[in-house]
Amino acid sequence: MFIDSNEKCPVCGEHFTENDDVVICPHCGTPHHRDCYNSLGHCFNADKHNTDFEYKGSSDTSDRPADYDNEDSTASQQSNFCEHDSEKKTFCSNCGKEIDPSAPFCSSCGERQTNAQYREYSPVTNFGFNNAPHSSYENDERTVEDKSIQDVAAVVRTNTAKFIPKFIKNKKLSWNWAGFIFGPYYLFFRKMYKQGILFMALNLIANLVINGIFYENITQYYTVVYDKLNALYANPEPSLAQQLLQQISEQQELIMPAMLAISGVTLIIHIITALFSDAFYRTKVINVLDKVEENLEQGASFNMMSPMFDGASLSQSDMKALYLGKLGGTSFISPVMAYFALNIITNIISRIL
């Protein structure tokens, strides 16, 4: 791609030549040497992508940190950079090199910085991932089984203020109202599929056993109800209808023991879910982080570039947070699918039996 020879790469400060491999930012039009762009990991002007900025020429990169200028101009650049207040120098939290205080990324290693003044420019935050809950734990040195609180929060994503203290205390039993109200469906909501399937299977088996124990009473009840409803359909007179409905109501005593037993089993399963769901979830989060760390040790890396982030490349820390949130977080569709799957299985079993 031909670039005016007067143009300079904003990263290295060198003029472009006809033989250079040039990358143009699709968002703002800033040109870079491909190697410079890859080493930085994002557009040099990525901090301006959430504004109306459009690259016009080399003057648009006049705020380039001194690190990228040639040696002849380094001293003057550093002097201008710090002429207002030498005590306000900003250094990269990752590599320690001096950076522009207004830059969201380190100009040397490309790591996203944590100053509040540009916290608003965060593709993770702006995309709506619960205001990037992991970011509120960036300076928290506590751990959960040697996992950083920031990574744990990235997996949990929602309601972190509730789970983090529980995970740190690591109690075997704790009460979870959502687990009590929704039972096994709450486990599916938090993507604890193995535990959810186990508890739903126990509930289904218990119901089948209870129905088998009270099979005669249940069969008699539905036979009476069926006959009475057929009689009502054949002769829908108000006086007869009232009489038949009264007789059906009296027959409910036949199935009352079965209904009480099923309700009791359901209540027990919901109580167990409420008591153990936090411990289950803690194990789930730790397993997710162990799996990710194992993949990283084997040479895997995070690589995410999507138009949903307005063309901005994410730092490794942001990509890791997004990946962890995808593995963790919540799922609204899973409990719905579990509900319909249970109904289908129940109907199949009832037809077979």
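Report on the accompanying structure.

Conventions adopted
- The residue numbering used here restarts from 1 in each chain and proceeds along that chain's sequence as written.
- Note on the predicted model: pLDDT of at least 70 is required for a residue's local features to be given, and 80 or more for side-chain atom pairs to be given and counted; whole-chain, interface and lining totals, by contrast, use all residues.
- Each side-chain value is derived from all of the structure's non-hydrogen atoms; neither hydrogens nor water enter the calculation.
- To qualify as a helix, a DSSP run of H or I must reach at least 4 residues; to qualify as a strand, a run of E must reach at least 2; elements of each kind are numbered from the N terminus.
- Relative accessibility decides the category of a residue: with a 1.4 Å probe and only protein chains considered, values under 20% of the type maximum give buried, values over 50% give exposed, and everything between is partly exposed.
- Areas reported here follow the Shrake-Rupley algorithm with a probe of radius 1.4 Å; residue values treat only the protein chains shown as occluding.
- Only protein atoms enter the 1 Å grid, on which a cavity is a set of points fitting a 1.4 Å probe that cannot get out and a pocket is an open set with protein on both sides within 12 Å along at least 5 of 7 lines, lining residues being those with an atom within 4 Å of a point.
- Grid points are joined across faces, edges and corners, and a volume is the space filled by probe spheres set on the points.
- The residue classification treats Ala, Val, Leu, Ile, Met, Phe, Trp, Tyr, Cys and Pro as nonpolar and Asp, Glu, Lys and Arg as charged. All others, Gly included, are polar.
- Two distance rules govern patches: like charges are joined within 9 Å, and nonpolar side chains (Val, Leu, Ile, Met, Phe, Trp, Tyr) within 5 Å, applied only to residues with over 30% relative accessible area and no salt bridge.
- Salt bridge, as used here: a side-chain nitrogen of Lys or Arg that lies within 4 Å of a carboxyl oxygen of Asp or Glu.
- Note on definitions: a residue-residue contact is assigned when non-hydrogen atoms from the two residues lie within 4.5 Å.
- A helix is expected to span 1.5 Å for every residue after the first.
- The arc in question is traced by the directions running from the helix axis to the C-beta atoms.
- Classification of ring pairs uses Phe, Tyr and Trp, with its six-membered ring standing for Trp, and accepts pairs whose centres are within 6.5 Å; under 30 degrees between planes counts as stacked, over 60 as edge-to-face, and the remaining range as tilted.
- Here, axes are lines fitted to C-alpha atoms. For helices the fit covers the stretch in contact, and angles between N-to-C directions go from 0 to 180 degrees.
- These descriptions rest on fixed angle ranges, namely under 35 degrees for roughly parallel, over 145 for roughly antiparallel, 65 to 115 for roughly perpendicular, and the rest for oblique.
- Crossing handedness: left-handed means the near helix sits turned counterclockwise from the far one by under a right angle, and right-handed means the same turn made clockwise.

Description of the overall build of the chain
Helix and strand counts for the chain come out as 13 helices and six strands. Counting over 353 residues, the chain shows a buried share of 40%. With the model as given, the accessible surface of the chain reaches about 20600 Å², and the carbon-plus-sulfur share is 55%.

Concerning unusual backbone geometry
Despite not being glycine, Glu-145 has its phi angle at roughly 55°, a positive value. Inspection of the secondary structure assignment puts Glu-145 in the loop between β5 (143–144) and β6 (147–148). The exposure class of Glu-145 is partly exposed, given its relative accessible area of 46%. Although it is not a glycine, Asn-159 sits at a positive phi angle of roughly 60°.

Structural notes on the layout of surface pockets
Looking at the largest pocket, its volume works out to about 840 Å³. In terms of lining residues, the largest pocket is bounded by 28 residues, among which Asn-207, Leu-208, Asn-211, Ile-262 and Thr-346 are the most central. Elements represented by at least two residues in the lining of the largest pocket include exactly α7 (184–189), α8 (193–213), α9 (215–234), α11 (256–297) and α13 (333–352). Partitioning the lining of the largest pocket into residue classes produces 17 nonpolar, eleven polar and no charged.

Digging into a nonpolar patch on the surface
Judged by side-chain polarity, Trp-175, Trp-177, Ile-181, Phe-182, Leu-267 and Ile-271 come together as a nonpolar surface patch covering roughly 620 Å² of accessible area. Secondary structure elements with two or more residues in the nonpolar patch: α6 (177–182) and α11. Top element by residues in the nonpolar patch is α6. It accounts for three residues. In this structure, Ile-181 sits in helix α6. Overall, the relative accessible area of 52% leaves Ile-181 in the exposed class.

Some points on the environment of Asn-159
Position of Asn-159 among the secondary structure elements: in the loop between α4 (149–156) and α5 (160–169). Relative accessible area serves as the criterion here: at 43%, Asn-159 is assigned to the partly exposed category. A sequence separation of 170 residues divides Asn-159 from Gly-329, and the C-alpha atoms of the two residues are 9.7 Å apart.

Some thoughts on the side chain of Arg-282
On the secondary structure map, Arg-282 appears in helix α11. Contacts of Arg-282, omitting those with residues within four sequence positions, involve Val-144, Glu-145, Phe-167 and Asn-170.

Things to note about helix α10 (residues 238–250)
The end-to-end C-alpha distance of α10 is 19 Å, a good match for the 18 Å that 13 residues give at a rise of 1.5 Å each. The set of residues buried in α10 consists of Ala-241, Leu-244 and Ile-248. One side of α10 holds all its buried residues, which, seen down the axis, span an arc of 70°. Exposed residues lying more than 90 degrees from the buried face of α10 are Ser-239 and Gln-242. For α10, the secondary structure elements touched by its buried residues are α9.

Notes on the packing of aromatic side chains
Counted according to the given criterion, the structure contains 14 aromatic pairs. Both rings, one in Phe-167 and one in Tyr-281, keep their centres 5.9 Å apart while their planes meet at 55°; by these two values the pair is tilted. On the criterion of sequence distance, the pair formed by Phe-167 in helix α5 and Tyr-281 in helix α11 is long-range, its members being 114 residues apart. These aromatic residues form a ring-pair network of at least three members: Phe-163, Phe-167 and Tyr-281.

Description of the packing of α4 against α5
Two elements in contact, α4 and α5, have axes separated by 10 Å at closest approach and are oriented at 130°. As judged from the angle between their axes, α4 and α5 are oblique. Every pair of crossing elements has a handedness; the one defined by α4 and α5 is right-handed. Taking contact as the criterion, the partners of Ile-149, Val-152, Ala-153 and Val-156 in α4 are, on α5, Thr-160, Phe-163, Ile-164, Phe-167 and Ile-168.

Things to note about α13
Here α13 contains 20 residues, and its C-alpha end-to-end distance of 29 Å stays within 8% of the 28 Å for a straight helix at 1.5 Å per residue. Along α13, the residues classified as buried are Ser-334, Pro-335, Ala-338 and Leu-342. The buried residues of α13 all sit within an arc of 90° when viewed along its axis, so they share a single face. More than 90 degrees from the buried face of α13, the exposed residues found are Ile-333, Met-337, Ile-344 and Arg-351. Contacts from the buried residues of α13 go to α7 and α8.

Some words on the side chain of Asn-203
On the secondary structure map, Asn-203 appears in helix α8. Those residues in contact with Asn-203 that sit more than four places away from it in its chain are Val-265, Thr-266 and Ile-269.

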